[in-house]
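# Structural characterization, general
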Amino acid sequence: MLQSQRSGPRVLLTSVFRPFACDDEFGSRAINPLELYHNQVTRAQGPFSLRMHHRSWGIMLIQENISAPSTLLDFPTRERFVEELKSHHYEIVGISGIIVNVGKVRETCRLVRDHSPKSTVVVGGHVAAIPGVERMLDADHIVKGEGIRWFREFLGDPVDAPISHPVIRSAFGFRLMGLRAPRGGGDPAATIIPSVGCPMGCNFCATSAFFGGKGRFVNFYQTGKQLLDVMCEVEQQLKVRTFFMMDENFLLYKKRALELLEQMKKHGKAWSMYVFSSANAIRKYDMRQLVELGVSWVWMGFESAQSGYRKLKDADTVALTRELQSHGIRVQGSTIVGMEHHTPENMREQIEHAVAHDADCHQFMLYTPLPGTPLYAGMEKQGRILKEVDLADIHGQYKFNFQHEHIARDDSKSWLDFAFQHDYDVNGPSLYRIMRTMYEGWKRYGQDSDARVRARFTAEAENLRRGYGATLWAMERYLRGSNQAISERIAELRKEIESEFGVVSRVLDRVFGPLLLWSARREASAYPQGRPLEPRTFVERRNWA
């Protein structure tokens, strides 16, 4: 048995248990797998859906910032969780979950009581936002909001000590067209978490509500220099040059972003960054600043002007999307289906407007009042919340959990399914769109006078030069019979790339393209709705001998 290096309480931090991509008694749903992209973005794209998993970043941050000997279990089975409780004595068991997984959180609490009855049970994560959750779970403490400070105070650690950032690979288990890809995909990335919460305070936003509501957020790193130091450490350990900035509106904090840019220039860092940002925050920068900062992917809301959200005031998101893409910046659009002003008469027009953005990727979610949000409280007061809907089905990818004035609950799923399919039919696979934007960036900046900018786009172009074209070759032929217009657009891009990068590119396309086509067809035949995938289990111990 492992022995701890120091005395004091031992802590077990765990996510809820798998499996996820199935219907089970604890609230898992096959329609709601633990995959961001296949669940919410590319799920209608057949074998071209982007398949990957992401770690439970919150408990990783907590473990990194407490002095107690600790174990982190991420995605254990129930059996593996019980084994851990039996193998080691833990004074504290911390359980993290989201609202749909309340049944799994409840069962995890029960398992602790059965197998480690002297342990103090702490529950956190978005599940803690459910009104009355204390009566649903057998837990000693429910932590609402940021958990590092809570654990430090509970354990007697200095609560205001600097935040130590864990080393986090952004994704794992990447698959495409039926094949496993290199770890992290073709361009491995690390996750950086500059802050939690969101100051915008949209009424439907669970994240904003969970961390205090409109105007409230917790900045872990106040300056660009602090961020650079964290990113340099992660770069050294993971050998990455791409960072997913997990911040609800990273570009909103312009002073910090521009300080980071100056530090990157000073140290010659040709990094790429994936960021979340509102349209109006993006407009505070000129395109050259974004390019030099390394912004290569922007996740942006496309809600229509009638929605009234301040983050979109006076924003032409179609024009902004085109402008970003012309500078090699991929755009991940996000559209809410079933807002208050949507009706059966205007819904198709609203979806077509969203699809007209031709974003590189497009998330569609149902308008969903989640427990703990202002939207939920308001609808509950109006008597519009459908109380018979299981919490496990309130995730925005199935049906309404409220009474919409114009759209029936069953119709909400039909409209959501139509949005995903229409985007795929009109714009083609996201992978094709991503490569198209990458190529635009190369054409514009491949010979740039700034060595950092030139190095970043040259590195991206190497992916186009050495194998990405084979994916285009396979997509082109796969879609030839079902969507001739998209097939022709893909062929045009492939030919441009081959012409640009020469004979090696052409040879690779014709050598590996047939293999990818065969694999894609096999995957689509065997798994028409996508292969069910589960994350592997992670066990990480800190301050143990």
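One can find the structure itself at the top, above this paragraph.
Note that this is a predicted model, so its numbers are computed, not measured. (Residues numbered from 1 in each chain as written. Predicted model: local features only at pLDDT ≥ 70, side-chain atom pairs only at ≥ 80, totals over all residues. Heavy atoms only, no water.)

Three- or four-residue spacings in an α-helix give side chains the same orientation, since the helix completes a turn every 3.6 residues. Burial in helix α11 (residues 317–326) covers these residues: Thr-317, Leu-320, Thr-321, Leu-324 and Gln-325. All buried residues of α11 fall inside an arc of 130° around its axis, so they share one side. Buried-residue contacts for α11 involve α9 (279–282), α10 (287–293), β14 (295–301), β15 (330–337) and α15 (430–445). The positive-phi residue at the C-terminal boundary of α11 is Gly-328, with phi of around 80°. (Buried < 20%, exposed > 50% of the residue type's maximum accessible area, 1.4 Å probe, protein only. Helix = DSSP H or I, 4+ residues; strand = E, 2+ residues; numbered from the N terminus. Arc of directions from axis to C-beta. Contact = heavy atoms within 4.5 Å.)

With that settled, consider the packing of helix α7 (residues 224–238) against helix α8 (residues 254–267). The interhelical angle for the contact between α7 and α8, taken along N-to-C directions, is 55°, at an axis separation of 7 Å. Judged by the angle between their axes, α7 and α8 are oblique. Like other packed secondary-structure pairs, α7 and α8 cross with a definite hand, here right-handed. Seen from α7, the contacting residues are Gly-224, Lys-225, Leu-227, Leu-228 and Met-231; seen from α8, they are Arg-256, Glu-259, Leu-260, Gln-263, Met-264 and His-267. Each residue belonging to the contact of α7 with α8 can be placed in one class, and the counts come to five nonpolar, three polar and three charged. (Axes fitted to C-alpha atoms, helices over the stretch in contact; angles between N-to-C directions. Parallel < 35°, antiparallel > 145°, perpendicular 65-115°, else oblique. Left-handed = near helix turned anticlockwise from the far one by under 90°. Nonpolar A, V, L, I, M, F, W, Y, C, P; charged D, E, K, R; others polar.)

Which parts of space are left empty comes out when a probe the size of a water molecule is rolled across the atoms. Considering all chains together, one arrives at six cavities of 30 Å³ or more under this definition. Considering only enclosed or pocket space, the second largest cavity measures out at about 100 Å³ in volume. Looking at the second largest cavity, it is lined by 14 residues, and the ones nearest its centre are Gly-46, Pro-47, Arg-51, Glu-523 and Arg-531. Contributions of two or more residues to the lining of the second largest cavity are made by β7 (172–176) and α18 (503–526). (1 Å grid on protein atoms, 1.4 Å probe; cavity = no way out; pocket = protein on both sides within 12 Å on 5 of 7 lines; lining within 4 Å. Points joined across faces, edges and corners; volume = space filled by probe spheres on them.)

Moving on: unusual backbone geometry. Residue Pro-19 is reached from Arg-18 by a cis peptide bond, and omega for that bond is 10°. Here Pro-19 lies in the loop between β1 (11–15) and α1 (36–40). Despite not being glycine, Lys-239 has its phi angle at roughly 60°, a positive value. You can call Lys-239 exposed: its relative accessible area is 68%.

To continue, consider the side chain of Lys-399. Following the sequence through the fold, Lys-399 ends up in the loop between α13 (374–381) and α14 (409–427). In terms of polar contacts, Lys-399 uses its side chain to reach the side chain of Asp-410, at 2.8 Å. For Lys-399, the residues in contact, after removing those within four places along its chain, are Leu-366, Asp-393, Arg-409, Asp-410, Ser-412 and Lys-413. (Polar contact = N/O pair within 3.5 Å; in protein donor to acceptor, adjacent residues only side chain to side chain.)

These values are about where atoms sit, not about what they do.
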